[in-house]
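Observations on the three-dimensional arrangement
Residue strings, one per chain:
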Amino acid sequence: MLASSILRRQKFLVRSLGVSHNPVRMDQKAEIRFAALGTDAESVIRKITPTYDPNRYKGQAGKIAVIGGCREYTGAPYFASISALKIGADLSHVFCTKDAATVIKSYSPELIVHPVLEESYSVREDEKASVCQKVLTEVTKWMERFDCLVVGPGLGRDPFLLGCVTEIMKNARQSNIPIVIDGDGLFLITENLDLVRGYPLAALTPNVNEYKRLVQKVLDCEVDDHDRYAQLFSLAQRIGGVTILRKGMCDLISDGETVEMVSNFGSPRRCGGQGDILSGSVAVFSSWARQQRSITTKHSNDSPQNPMVLGCIAGSTLLRKAASLAFKDKKRATLTTDIIECLGRR
């Protein structure tokens, strides 16, 4: 059953995107196809990006919300949310703490900033339950408007704040809203895997250390780079089919049914904030891929590929292209803001 499902998905990808695949034996029970996408990943972007249409109205090209931003970290939620706009989303919201809101607002008037989150220092012990409920109510009234949530950029690790975000994620899952999880959001779900376990509309974007903690927690072993494809495949399966984008020299992506790789060169300059661009990018492309899937399933009997996987492929490819262009211009002086400015360039 697993092998036939995998084969159907891979045949669909070959027909629709013209990607060549090489078989990789993972175990005796299942064979998955490993796609070295590289330049072919650009065809994924073209396929899922909506065309301009004068009949479309504001919001139809994507409404993204970032859950993150506290006293110490205001840049990360800005990078994620402004990247979503630069790529083509119509609206980008940020739900952050009151201390972070004014700072984030000052970065750009394009963002819709909601200063609703709270940290422990500002809440008395006897008020925590009521304040958490108030935070959840404030976010929930907006929830149905969003095409995707990005959870984690600049979130921090305050226990009360993480508790509130836990409830927000549960609500988003109940509402069937895609969630991209990065940064401290990954710390949160590593401690509570049930938040995403079995949720196919969740995408995790761990860096080297975050991925190491996930592997130790879920597989109870160390990262095995010699068998990295099989290990990533197994990790995604064990968490119930969530999509995992393992960031590295080559980005590896798996939802427990396939493994994909994006290998086109980005930039040797590893300035902080590139992961935030990626999370915002994946959110937009995943929402577009999900829209495309709803259209495809109406006119085809084929099972379209997981929109979260397509979103990860597209987001990774675009970031690498933008980073390459920025480095070509700025070299060692390249900053994350320079990369963001290159998101729309060819």
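The structure presented is a predicted model; accordingly, all values stated were derived computationally and were not measured. (Residues numbered from 1 in each chain as written. Predicted model: local features only at pLDDT ≥ 70, side-chain atom pairs only at ≥ 80, totals over all residues. Heavy atoms only, no water.)

**Focus on the nonpolar core**
With 105 residues, the main nonpolar core has Met169, Ile189, Val196, Leu204, Leu235 and Ile239 as its most contacted residues. No other element matches helix 11 (residues 307–330), which puts 12 residues into this core. Leaving out residues up to four positions away in the same chain, Leu235 has contacts with Tyr211, Leu214, Val215, Val218, Leu219 and Ile244. (Core = buried A, V, L, I, M, F, W, Y, C linked by side-chain atoms within 4.5 Å. Buried < 20%, exposed > 50% of the residue type's maximum accessible area, 1.4 Å probe, protein only. Helix = DSSP H or I, 4+ residues; strand = E, 2+ residues; numbered from the N terminus. Contact = heavy atoms within 4.5 Å.)

**Observations regarding the UniProt feature "binding site: (6S)-NADPHX" (unreviewed entry) in the chain**
The sites that UniProt annotates as "binding site: (6S)-NADPHX" (unreviewed entry) are Gly154, Asn207, Val208, Asn209, Glu210, Tyr211, Lys212, Arg213 and Asp276. Of note, Glu210 is situated in helix 8 (residues 208–219). Its location among the elements puts Asp276 in helix 10 (residues 274–299). Residue Asp276 is classed as buried on the basis of its relative accessible area of 12%. Among all residues touching Asp276, those that are not within four sequence positions of it are Ala76, Phe79, Ala80, Pro153 and Asp182. (UniProt positions renumbered as here; feature names shortened; annotations may be inferred.)

**Thoughts on the side chain of Asn171**
With respect to the element layout, Asn171 can be found in helix 6 (residues 159–174). Setting aside residues no more than four positions away along its own chain, Asn171 makes contact with Leu136, Thr140 and Met143.

**Brief notes about helix 4 (residues 98–107)**
Among all positions in helix 4, only Ala100, Ala101 and Ile104 are buried. Projection of helix 4 onto a plane perpendicular to its axis shows the buried side chains occupying an angular sector of 110°, all on one side. When the buried face of helix 4 is taken as reference, the exposed residues oriented beyond 90 degrees from it are Thr102 and Ser106. Looking at the packing, one finds that the buried side of helix 4 touches helix 3 (75–87), strand 4 (91–97) and strand 5 (112–117). (Arc of directions from axis to C-beta.)

**Here's the deal with the pairing of strand 5**
Bridging between strand 4 and strand 5 involves 5 bridges; their strand directions are parallel. Bridging from a neighbouring strand, Thr97 pairs with Leu117 of strand 5. (Pairing = 2+ DSSP bridges.)

**With respect to the packing of aromatic side chains**
Aromatic rings considered in pairs are described by the distance between their centres and by the relative angle of their planes. Within the structure shown, the criterion is met by 4 aromatic pairs. Ring geometry for Tyr78 versus Phe79: centroids 5.8 Å apart, planes at 55°, classification tilted. Judged by centre distance (5.5 Å) and plane angle (85°), the ring pair of Phe285 and Trp288 falls under edge-to-face. With Phe285 and Trp288 both in helix 10, this residue pair falls 3 residues apart, about one helical turn. The same class applies to Phe285 and to Trp288, which are both buried. Ring pairing ties together the aromatic residues Tyr78, Phe79 and Tyr107, which thus form one cluster. Sitting above the plane of the Trp142 ring, Arg145 keeps its charged end 4.3 Å from the centroid. A cation sits over an aromatic face here: Lys331 above Phe327, 5.9 Å from the ring centre. (Phe/Tyr/Trp six-rings, centres within 6.5 Å; stacked < 30°, edge-to-face > 60°. Lys NZ or Arg CZ within 6 Å of the ring centre and 35° of its normal.)

**Details of helix 6**
Three- or four-residue spacings in an α-helix give side chains the same orientation, since the helix completes a turn every 3.6 residues. Taking 1.5 Å of rise per residue, 16 residues should cover 22 Å, and helix 6 covers 23 Å from first to last C-alpha, within 8% of that figure. The N-capping residue of helix 6, defined by a side-chain oxygen 3.2 Å from the backbone nitrogen of Phe160, is Asp158. A positive phi of about 60° marks Asn176, the residue just after helix 6. (Expected span 1.5 Å × (residues − 1). Polar contact = N/O pair within 3.5 Å; in protein donor to acceptor, adjacent residues only side chain to side chain.)

**Some remarks on the pattern of salt bridges**
Counted under the stated rule, the structure contains 15 salt bridges. Glu341 is paired through a salt bridge with Lys86; the nearest N and O atoms lie 3.4 Å apart. Of this pair, Glu341 sits in helix 12 (residues 336–341) while Lys86 sits in helix 3; the two residues are 255 residues apart in sequence, bridging distant segments of the chain. Under the relative-accessibility criterion, Lys86 is labelled partly exposed at 41%. The partner of Arg197 in a salt bridge is Asp194, with the nearest N and O atoms 3.1 Å apart. Each member of the salt-bridge network shares a partner with another, and the members are Arg124, Asp126 and Glu127. (Salt bridge = Lys/Arg side-chain N within 4 Å of Asp/Glu carboxyl O.)

**Some details on unusual backbone geometry**
Of note, Asp220 is a non-glycine position whose phi angle comes to about 55°, a positive value. For Asp220, the location among the structural elements is in the loop between helix 8 and helix 9 (228–238). Residues other than glycine seldom take positive phi values, yet Lys331 does so here, at roughly 55°. Inspection of the secondary structure puts Lys331 in the loop between helix 11 and helix 12. On the basis of relative accessible area, Lys331 is assigned to the partly exposed category, the value being 43%.

**Remarks on the packing of helix 7 (residues 184–191) against helix 8**
Packed helix pairs are characterised by how far apart their axes lie and by the angle those axes make with each other. The N-to-C vectors of helix 7 and helix 8 enclose an angle of 5°; their axes lie 10 Å apart at closest approach. On the basis of the axis angle, helix 7 is roughly parallel to helix 8. For the pair helix 7 and helix 8, the contacting residues are Leu186, Ile189 and Thr190 in the first and Glu210, Arg213, Leu214 and Lys217 in the second. Looking at the contact of helix 7 with helix 8 residue by residue, the class counts come to 3 nonpolar, 1 polar and 3 charged. (Axes fitted to C-alpha atoms, helices over the stretch in contact; angles between N-to-C directions. Parallel < 35°, antiparallel > 145°, perpendicular 65-115°, else oblique. Nonpolar A, V, L, I, M, F, W, Y, C, P; charged D, E, K, R; others polar.)

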